[in-house]
Amino acid sequence: AQKVTQAQTEISVVEKEDVTLDCVYETRDTTYYLFWYKQPPSGELVFLIRRNSFDEQNEISGRYSWNFQKSTSSFNFTITASQVVDSAVYFCALSEAGNSGNTPLVFGKGTRLSVIA
Amino acid sequence: EAGVTQFPSHSVIEKGQTVTLRCDPISGHDNLYWYRRVMGKEIKFLLHFVKESKQDESGMPNNRFLAERTGGTYSTLKVQPAELEDSGVYFCASSQDYIQGRHFGEGSWLTVV
């Protein structure tokens with residue numbers, strides 16, 4: 001069965017601090033996809049990244065970086081030099097490669113990040 | 001290209017009433033998904049269309065929910081009769097292939113009072 005755990009319910013940091021959001025997943029499939037989304041106060045879901053299980057290379061996009069570790073089933077997200085605009089709820093999600101296409105996304109419960117000026 | 005659009009963005013209805021949510025996927029996307037997040041819980045899958053056919057509706061909570069996608073274009077999700085626990089945000093997503101997850105709508109916020 002698929003499961004995504006985001007143990008941090010809420011995090012508060014002061015602007016310019018670095019912050020890491022944790023994501024641990026469970027799956028029996030060898031082929032799967034991991035995602036991160038941002039849900040700002042306006043409510044929409046903003047896609048941030050998708051990684052497949054065969055690509056463990058870490059990724060950096062501006063102030064955002066992702067650390068994918070299959071050995072620990074983790075896909076952590078780090079924001080460097082946080083800004084107030086980073087304040088949002090962040091969701092980690094998992095989808096397995098099924099026989100007829102990827103399975104529906106399974107989301108973690110989300111981590112609410114508050115960046116204080 | 002235009003993104004996934006959802007209507008209405010916000011809706012407040014009384015318990016027992018009916019609400020219909022609409023999703024317009026990105027043009028050319030055969031796959032359309034509905035998800036919802038209720039009462040601050042995690043986002044959960046409702047169902048998946050491939051064109052006009054329901055590929056997977058295992059997440060539909062009960063028979064008060066009816067989803068359609070006539071003609072394989074836009075989709076509607078009707079809640080009838082609405083209950084208090086249906087309050088939340090309903091997201092629609094679409095994809096051209098089976099590797100979904102990139103394109104979500106802005107959500108339809110439903111409040112049942």
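Data block above holds the structure.
Residues numbered from 1 in each chain as written. Chains lettered and ligands numbered in written order. Predicted model: local features only at pLDDT ≥ 70, side-chain atom pairs only at ≥ 80, totals over all residues. Heavy atoms only, no water.

J.: When you look at the side chain of serine 82 of chain A in this model, what are you seeing that I'm missing?
T.: Residues and elements named next belong to chain A. For serine 82, the location among the structural elements is in the loop between β9 (74-79) and β10 (88-98). Taking the relative accessible area as the measure of exposure, serine 82 reaches 1% and is therefore buried. Within the local environment of serine 82, its side chain forms a polar contact with the backbone oxygen of glutamate 17, the two atoms lying 2.8 Å apart. Apart from the residues within four sequence positions on either side, serine 82 is in contact with Val13, Val14, Glu15, Lys16, Glu17, Arg63 and Val115. (Helix = DSSP H or I, 4+ residues; strand = E, 2+ residues; numbered from the N terminus. Buried < 20%, exposed > 50% of the residue type's maximum accessible area, 1.4 Å probe, protein only. Polar contact = N/O pair within 3.5 Å; in protein donor to acceptor, adjacent residues only side chain to side chain. Contact = heavy atoms within 4.5 Å.)

J.: It is not clear to me how the interface of chain A and chain B should be interpreted in this structure. Could you clarify?
T.: Facing 19 residues of chain A, the contacting portion of chain B comprises 17 residues. In this assembly, chain A and chain B are joined by zero salt bridges. Our count for the chain A to chain B interface comes out at two residue pairs in polar contact (both at pLDDT 80 or more). For the side of chain A that touches chain B, the leading source of residues is strand β5 (residues 32-39) of chain A, giving four residues. For the side of chain A that touches chain B, the class distribution of residues is nine nonpolar, seven polar and three charged. (Salt bridge = Lys/Arg side-chain N within 4 Å of Asp/Glu carboxyl O. Nonpolar A, V, L, I, M, F, W, Y, C, P; charged D, E, K, R; others polar.)

J.: When you look at the nonpolar core in this model, what are you seeing that I'm missing?
T.: All names here are of chain A. Ranked by size, the top nonpolar core spans 24 residues in total, and within it Trp36, Trp66, Phe77, Tyr90 and Leu113 carry the most contacts. If one sorts the elements of this core by residue count, β10 sits on top with four residues. Those residues in contact with phenylalanine 77, other than ones at most four positions away along the chain, are Val19, Thr20, Leu21, Trp36, Leu48, Tyr64, Ser65, Trp66 and Tyr90. (Core = buried A, V, L, I, M, F, W, Y, C linked by side-chain atoms within 4.5 Å.)

J.: Even after reading the chapter, I still don't get the sheet that holds strand β8 (residues 75-79) of chain B, so can you show me in this structure?
T.: Backbone hydrogen bonds are what pair the strands of a sheet, in a parallel or an antiparallel way. All names here are of chain B. Spatial ordering of the open sheet is given by β1-β3-β8-β7, a layout of four strands whose pairing is antiparallel. Edge positions in the sheet fall to β1 (5-7) and β7 (65-68), since each has one partner strand and no second. Within the sheet, the average angular offset between the axes of one strand and its neighbour, ignoring direction, is 15 degrees. Strand direction decides the pairing type here: strand β3 (residues 19-24) and β8, joined by five bridges, are antiparallel. Paired with valine 19 across the strands is valine 79, a residue of β8. (Pairing = 2+ DSSP bridges. Axes fitted to C-alpha atoms, helices over the stretch in contact; angles between N-to-C directions.)

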